[in-house]
Amino acid sequence: MRLEVVVSFVVVSRTGSVSGAARRLGYGQSTVTKHIQELEALVGSDLLERGARPLRLSPQGRDVAGR
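All values derive from a computational prediction rather than experimental measurement.

Asks: Is there a simple way to think about the side chain of Ser8 in this case?
Replies: Following the sequence through the fold, Ser8 ends up in helix α1 (residues 3-15). Those residues in contact with Ser8, other than ones at most four positions away along the chain, are Leu25, Tyr27, Val32, His35 and Ile36.

Asks: Sorry, what's going on with the packing of α1 against helix α2 (residues 18-25) here?
Replies: For any two helices packed against each other, the geometry is given by the interaxial angle and the distance between the axes. Packing of α1 against α2 leaves a shortest axis separation of 8 Å and a crossing angle of 125°. Accordingly, the angle class assigned to the pair α1 and α2 is oblique. The chirality of how α1 crosses α2 is right-handed. On α2, the residues touching Val7, Ser8, Val11, Val12 and Thr15 of α1 are Val18, Gly20, Ala21, Arg24 and Leu25.

Asks: Just to check I follow, could you spell out the pattern of salt bridges for this structure?
Replies: Side chains that differ in sign of charge can pair as their charged atoms come close. Taken as a whole and assessed by the stated rule, the structure comprises 4 salt bridges. The closest approach of N and O atoms between Glu4 and Arg2, which form a salt bridge, is 2.7 Å. Residue Glu38 pairs with Arg2 through a salt bridge whose shortest N-O separation is 2.6 Å. Pair noted here: Glu38 is in helix α3 (residues 29-43) and Arg2 is in the segment before α1, with a separation of 36 residues, a long-range link. Glu38 gets classed as partly exposed once you look at its relative accessible area, which sits at 33%.

Asks: What am I meant to see in the nonpolar core here?
Replies: The tendency in soluble globular proteins is for nonpolar side chains to be buried side by side. If you look at the biggest cluster of nonpolar residues, it comprises 14 residues, and the most contacted ones within it are Phe9, Val12, Val32, Ile36 and Leu48. The set of elements that each furnish at least two residues to this core consists of α1, α2 and α3.

Asks: Would you take a moment to explain the environment of Ser58 for this structure?
Replies: Summarising the element assignment, Ser58 is placed in the loop between β2 (56-57) and α4 (59-65). Ser58 gets classed as buried once you look at its relative accessible area, which sits at 5%. Taking the C-alpha atoms as reference points, Ser58 and Ser45, separated by 13 residues in sequence, lie 9.1 Å from one another. If near-sequence neighbours (up to four positions away) are discounted, Ser58 is found in contact with Asp46, Leu47, Leu48 and Glu49.

What counts as what
- Throughout, residues of each chain are indexed from 1 in the direction in which the sequence is written.
- Predicted model: local features are reported for residues with pLDDT of at least 70 only, side-chain atom pairs are reported and counted for 80 or more only, and whole-chain, interface and lining totals are derived from all residues.
- Values reported for side chains reflect all heavy atoms of the structure, with hydrogen atoms and water molecules removed beforehand.
- Secondary structure elements are defined from DSSP: runs of H or I of at least 4 residues count as helices, runs of E of at least 2 residues count as strands, and each element is numbered from the N terminus.
- Should any heavy atoms of two residues lie within 4.5 Å, those residues are counted as being in contact.
- The axes used here are C-alpha line fits, helices contributing only the stretch in contact, and every angle between their N-to-C directions lies in the interval 0 to 180 degrees.
- Throughout this description, any angle smaller than 35 degrees is read as roughly parallel, any larger than 145 degrees as roughly antiparallel, any in the 65 to 115 degree range as roughly perpendicular, and the remainder as oblique.
- Crossing handedness follows the turn of the near helix against the far one: under a right angle anticlockwise gives a left-handed crossing, and clockwise gives a right-handed one.
- Put simply, a salt bridge is a Lys or Arg side-chain nitrogen that is within 4 Å of an Asp or Glu carboxyl oxygen.
- Under the scheme applied here, a residue whose accessible area is under 20% of the maximum for its type counts as buried, over 50% as exposed, and between as partly exposed, the area being computed with a 1.4 Å probe on protein chains only.
- In these notes, a set of buried Ala, Val, Leu, Ile, Met, Phe, Trp, Tyr and Cys residues joined through side-chain atoms within 4.5 Å is what counts as a nonpolar core.

So this is what it looks like as structure tokens:
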């Protein structure tokens, strides 16, 4: 697993926004989205509750984040 994938997940979980995380990290929004998808594929579960504003961690996302 690449470090930038984990960092993207952490920043998304803290900001509640893919676009906000992308701005903070200096990445494009599509890059952060790909990072989240890569991590979700690795753990085999959705990590974010999409459609919620701000984005919230799913139960599995909270487990991955240690919350």
